[in-house]
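Next come the chains, spelled out residue by residue.
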Amino acid sequence: MTRAQADALPYASILAWMDDSSQAFMVLGEIGGNGALYYYSQTRQVLVTRGPFLVQTVGLPGDLSRTHLPDDRVPDLRQLVGTEYIRHVDIQAAGLFDIEVRGRFTLVGPEEVTILERHHTLTRLSEAVTMRGMKPFTNDYWIDQSGFCWKTRQHIHDRTDALNIEIIKAAG
């Protein structure tokens, strides 16, 4: 996929991949009532995001079955720096339900990022995550000056490789 090909498509799209796999081009297929964005791959994998957060997956190892955010509003990541953000997840395949995810956000700083041939100056935020009974891990988010998140690197839990998501063409 080239930048010209992606720009020519009428659909919002992302690139997604696990740390140990190749990139998958995914298109936005549905927008949920709560602002959830449903991205579909050619190989029938599904990623669901709400704002910068991965909230559900289908077709990945250790699928994330559900994420419950503390309220209906997705927070601006800039406002979470220096604070703790708590959400709850279900990972049905592992028999884990209503597991508390505690994330503490810190500012890493500006970084130059290239997403499918387009250069961005973004600010990287890091989230130190703890989940009961698991080793701590780190998620990363790259946002622009408006707070829009262009890139993330998130774990479903401590035993999965990170899932990388880059926004090729933003929804809306």
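It should be noted that the structure appears before, not after, this text.
Everything numeric here is computed off the predicted structure, so don't read it as measured data.

Reading the values: the criteria
Residues numbered from 1 in each chain as written. Predicted model: local features only at pLDDT ≥ 70, side-chain atom pairs only at ≥ 80, totals over all residues. Heavy atoms only, no water. Helix = DSSP H or I, 4+ residues; strand = E, 2+ residues; numbered from the N terminus. Rg over C-alpha atoms; globule rule 2.2 N^0.38 Å. Contact = heavy atoms within 4.5 Å. Salt bridge = Lys/Arg side-chain N within 4 Å of Asp/Glu carboxyl O. Buried < 20%, exposed > 50% of the residue type's maximum accessible area, 1.4 Å probe, protein only. Polar contact = N/O pair within 3.5 Å; in protein donor to acceptor, adjacent residues only side chain to side chain. Pairing = 2+ DSSP bridges. Axes fitted to C-alpha atoms, helices over the stretch in contact; angles between N-to-C directions.

1. What to know about the overall build of the protein chain
Turning to step 1, where the next piece is worked out: Looking only at helices and strands, the protein chain has two helices and twelve strands in total.
Turning to step 2, where the next piece is worked out: Order of helices (α) and strands (β) in the protein chain, N terminus to C terminus: α-β-β-β-β-β-β-α-β-β-β-β-β-β.
Turning to step 3, where the next piece is worked out: For a compact globule of 172 residues, the expected C-alpha radius of gyration is about 16 Å, and the protein chain comes in at 15 Å, within 12% of that figure.
Turning to step 4, where the next piece is worked out: Seen through its C-alpha atoms, the protein chain measures out along the principal axes to roughly 45 × 35 × 35 Å.
Turning to step 5, where the next piece is worked out: Once local pairs closer than 6 in sequence are excluded, the contacts in the protein chain between residues at least 24 apart make up 39%.

2. Overview of the pattern of salt bridges
Charged atoms that come close allow side chains of opposite charge to pair.
Turning to step 1, where the next piece is worked out: Counted under the stated rule, the structure contains twelve salt bridges.
Turning to step 2, where the next piece is worked out: Of the charged contacts in the structure, one is a salt bridge between D7 and R3, with a shortest N-O distance of 3.2 Å. Residue D7 and its partner R3 are both found in helix α1 (residues 3-8); the two are separated by four residues, about one turn of the helix.
Turning to step 3, where the next piece is worked out: Here R124 ties to D140 by a salt bridge, and the two come within 3.3 Å at their closest N and O atoms. Linking R124 in strand β9 (residues 118-131) with D140 in strand β10 (residues 137-143), this pair joins segments that are 16 residues apart in sequence.
Turning to step 4, where the next piece is worked out: A relative accessible area of 5% places D140 in the buried class.
Turning to step 5, where the next piece is worked out: Salt bridges here are not isolated pairs; linked through shared partners, they connect R3, D7 and R118.

3. Overview of the side chain of D140
Turning to step 1, where the next piece is worked out: One polar contact links D140 to S126, side chain to side chain, over a distance of 3.3 Å.
Turning to step 2, where the next piece is worked out: Excluding residues within four positions of it along the chain, D140 makes contact with R124, L125, S126, K151, T152 and R153.

4. What to know about the pairing of β9
Turning to step 1, where the next piece is worked out: Pairing between strand β8 (residues 96-115) and β9: 14 bridges, direction antiparallel. What sits directly across from E111, in β9, is L122.
Turning to step 2, where the next piece is worked out: In sequence, β8 turns back onto β9 through a hairpin of two residues, with L116 there showing a positive phi of about 45°.
Turning to step 3, where the next piece is worked out: One ladder, built from seven bridges, connects β9 with β10; its direction is antiparallel. Bridge pairing in β10 places S126 opposite D140.
Turning to step 4, where the next piece is worked out: The turn joining β9 and β10, which pair antiparallel and follow one another in sequence, is formed by five residues; a positive phi near 80° is taken by G133.

5. Let's talk about the sheet that holds strand β3 (residues 37-41)
Within a beta sheet, neighbouring strands are joined by backbone hydrogen bonds and run either parallel or antiparallel to one another.
Turning to step 1, where the next piece is worked out: One open sheet accounts for twelve strands, arranged β5-β4-β3-β2-β1-β12-β11-β10-β9-β8-β7-β6; its pairing is antiparallel. At either end of the open sheet lies a strand with only one pairing partner, and these are β5 (53-58) and β6 (66-68). On average, adjacent strands in this sheet sit at an angle of 30° to one another, irrespective of strand direction.

6. What to know about the environment of A36
Turning to step 1, where the next piece is worked out: Tracing the sequence through the fold places A36 in the loop between β2 (24-31) and β3.
Turning to step 2, where the next piece is worked out: In sequence terms A36 and F53 are 17 residues apart; their C-alpha atoms lie 9.7 Å from each other.
Turning to step 3, where the next piece is worked out: Those residues in contact with A36, other than ones at most four positions away along the chain, are E30, I31, V48, T49 and R50.

This is a description of form; function is not addressed.
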